[in-house]
Amino acid sequence: MSKILFIINPVAGGGKAKGLIPLIKEIMNKHKKDYEIKLTTRPKEAIDIAEDSVENYEITVAVGGDGTVNEVARGLINTGKGTLGIVPGGTGNDMAKSLGISTEPVKALETLCRGLKKDIDIGCVNDSNFLNIASVGFDAEVVINNQSIKTVIKSGISYAVSVIYTLLSFKKKKVKITIDDNVMEEKIILLAVGNGKYYGGGMKILPMAKVDDEYLDICIVSNINKLKLLFLFPTIFKGNHIKYKKYVKMYKGKTIKVETKDKIYINIDGEIAPDMKEIVFSMEDKKLNVLCEEK
């Protein structure tokens, strides 16, 4: 019988993840699963727990938001062992959406019990791994502002409020972009690179992305003023922004380099990394085994 470890971020989703403990116990006991639950007490601790526990558990489950999923995945990637499971308990839960995992905890737990596994690609941005989407520009600054706003507005709408707030002060970033052998210079609003389709609480920023096709998808938004961006923003939730080819350009590639004279922040699966002037996105040679809804 597979042993399962649930790593829970107790502050994810304003306490939503911690509140799932009784449900986890109920479903696991119903299916007669051998499991254990551990709660994190500090940022990045999920990485250490996943690394230290991988020898004793076949499946390690992240219970929380995209940041928790990223941390647990990094622990498994560092060891090269184990299978990742996800029970969405955060605000956005975009990696779960990209994998077709239900955001309803009961359904997500039933998915774990069915045990369908697949290998997915692992992205890398400079020295950090990501599973879903990493980006620079407007949306990274939205995430920074959202960290404060979501303490007041504890729902997915906090992201929309953060977008409007960020619009008031944001300035376009002049960058040189190299996608494999294709070089271009742009004054970007944002550049998103990823394996998954969704970020920012359900926005379908990369509608053509596949988690296992060994390519990174790229979305570049440029040549657009703030007012038009405000009207373009709602179309991203269904992936319809790609129709506006004057402002939105879509690519696929293996390696993407972004260079700028001004430091810019990186949004890595919903977490902000220190600002820098050169960013390289690439694909790892290895894969990550995950439990998902379908093979």
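Our subject is the structure that appears above.
Because the structure is a prediction, the values reported are computed rather than measured.

### What about the pattern of salt bridges?
Okay, so step 1: Following the criterion strictly, the structure yields 13 salt bridges and no others.
Okay, so step 2: Linking K287 and D121 is a salt bridge whose minimum nitrogen-to-oxygen distance equals 2.4 Å. One end of the pair, K287, is in strand β13 (residues 271-291); the other, D121, is in strand β5 (residues 117-125), with 166 residues separating them in the sequence.
Okay, so step 3: Notably, a salt bridge pairs K249 with E186, separated by 2.7 Å at the nearest N-O pair. On the criterion of sequence distance, the pair formed by K249 in strand β11 (residues 248-253) and E186 in strand β9 (residues 182-194) is long-range, its members being 63 residues apart.
Okay, so step 4: One salt-bridge network, in which partners are shared between bridges, spans D121, E214 and K287.

### Regarding empty space enclosed by the protein
Over the atoms, a rolled probe matching the size of one water molecule traces out where space is still vacant.
Okay, so step 1: Under the definition given, this model contains one cavity of 30 Å³ or more.
Okay, so step 2: There is about 80 Å³ of room inside the largest cavity.
Okay, so step 3: The wall of the largest cavity is formed by F138, D139, V142, Y159, V163, L190, Y199, M203, L229, F233 and I236.
Okay, so step 4: Within the residue set of the lining of the largest cavity, elements represented by two or more residues are α6 (138-149) and α7 (157-167).
Okay, so step 5: For the lining of the largest cavity, the element with the most residues is α6, which contributes three residues.

### Notes on the packing of helix α1 (residues 21-30) against helix α5 (residues 105-114)
Okay, so step 1: Orientation of α1 relative to α5, taken along the N-to-C sense of each, is 35°, at an axis distance of 10 Å. Handedness of the α1/α5 crossing: right-handed. On the side of α1, the interface is formed by L23, I24, I27, M28 and K30, while α5 contributes P105, V106, L109, E110 and C113.
Okay, so step 2: Taken together, the residues of the contact of α1 with α5 sort by class into eight nonpolar, no polar and two charged.

### Some thoughts on the layout of surface pockets
Okay, so step 1: In this model, the largest pocket occupies a volume close to 1100 Å³.
Okay, so step 2: As for the largest pocket, its lining consists of 43 residues, of which G65, G67, T91, K150 and E271 are closest to the centre.
Okay, so step 3: Of all the elements in the fold, those that place two or more residues in the lining of the largest pocket are α2 (45-53), α3 (66-79), α6 and α7.
Okay, so step 4: For the lining of the largest pocket, the leading source of residues is α3, giving four residues.
Okay, so step 5: Across the lining of the largest pocket, the residue classes break down as ten nonpolar, 22 polar and eleven charged.

### Overview of the side chain of T235
Okay, so step 1: Inspection of the secondary structure puts T235 in the loop between α8 (226-232) and β11.
Okay, so step 2: When near neighbours in sequence (up to four residues on either side) are disregarded, T235 contacts N240, H241 and Y244.

### As for the pairing of strand β2 (residues 34-39)
Okay, so step 1: Note that strand β1 (residues 3-8) and β2 share six bridges and pair parallel. Following the sheet pairing, F6 is matched in β2 by I37.
Okay, so step 2: The parallel pair β1 and β2 is bridged by α1, and the resulting crossover is right-handed.

### Considering a nonpolar patch on the surface
Okay, so step 1: A grouping of I164, L227, L230 and F231 is seen on the molecular surface, where their side chains present a nonpolar patch of about 430 Å² in accessible area.
Okay, so step 2: For the nonpolar patch, the element with the highest residue contribution is α8, accounting for three residues.
Okay, so step 3: As for its position among the elements, L227 is in helix α8.
Okay, so step 4: What makes L227 exposed here is its relative accessible area of 56%.

### A short note on the packing of aromatic side chains
Okay, so step 1: Enumeration according to the criterion identifies three aromatic pairs in this entry.
Okay, so step 2: Seen from their ring centres, F138 and F170 are 5.3 Å apart, and the 90° between their planes marks the pair as edge-to-face. Highlighted residues: F138 in helix α6 and F170 in the loop between α7 and β8 (173-179), separated in sequence by 32 residues. Grouping residues by exposure puts F138 and F170 together as buried.
Okay, so step 3: Ring geometry for F233 and F237: centres 5.6 Å apart, planes at 85°, overall edge-to-face.
Okay, so step 4: On the basis of relative accessibility, which here comes to 12%, the residue F233 falls in the buried class.
Okay, so step 5: It is K3 that lies over the ring of Y57; its NZ or CZ is 5.1 Å from the centre.
Okay, so step 6: The ring of Y215 carries the charged tip of K254 above its face, separated from the ring centre by 4.4 Å.

### Concerning the packing of α6 against α7
Okay, so step 1: Viewed as axis vectors pointing N to C, α6 and α7 meet at an angle of 120°, and their least axial separation amounts to 8 Å. It follows that α6 is oblique to α7 by the angle criterion. Considering how the two elements wind past one another, α6 and α7 form a crossing that is right-handed. Between α6 and α7, the contacting residues are F138, D139, E141, V142, V143, N145, N146 and I149 on the first element and S158, Y159, V161, S162, V163, Y165, T166 and L167 on the second.
Okay, so step 2: By residue class, the composition of the contact of α6 with α7 is nine nonpolar, five polar and two charged.

Parameters and conventions
Residues numbered from 1 in each chain as written. Predicted model: local features only at pLDDT ≥ 70, side-chain atom pairs only at ≥ 80, totals over all residues. Heavy atoms only, no water. Salt bridge = Lys/Arg side-chain N within 4 Å of Asp/Glu carboxyl O. Helix = DSSP H or I, 4+ residues; strand = E, 2+ residues; numbered from the N terminus. 1 Å grid on protein atoms, 1.4 Å probe; cavity = no way out; pocket = protein on both sides within 12 Å on 5 of 7 lines; lining within 4 Å. Points joined across faces, edges and corners; volume = space filled by probe spheres on them. Axes fitted to C-alpha atoms, helices over the stretch in contact; angles between N-to-C directions. Left-handed = near helix turned anticlockwise from the far one by under 90°. Contact = heavy atoms within 4.5 Å. Nonpolar A, V, L, I, M, F, W, Y, C, P; charged D, E, K, R; others polar. Pairing = 2+ DSSP bridges. Right-handed = clockwise from strand over helix to strand, strands pointing away. Patch = residues over 30% accessible without salt bridge, like charges linked within 9 Å, V, L, I, M, F, W, Y side chains within 5 Å. Areas by Shrake-Rupley, 256 points an atom, 1.4 Å probe, with all protein chains shown as cover. Buried < 20%, exposed > 50% of the residue type's maximum accessible area, 1.4 Å probe, protein only. Phe/Tyr/Trp six-rings, centres within 6.5 Å; stacked < 30°, edge-to-face > 60°. Lys NZ or Arg CZ within 6 Å of the ring centre and 35° of its normal. Parallel < 35°, antiparallel > 145°, perpendicular 65-115°, else oblique.

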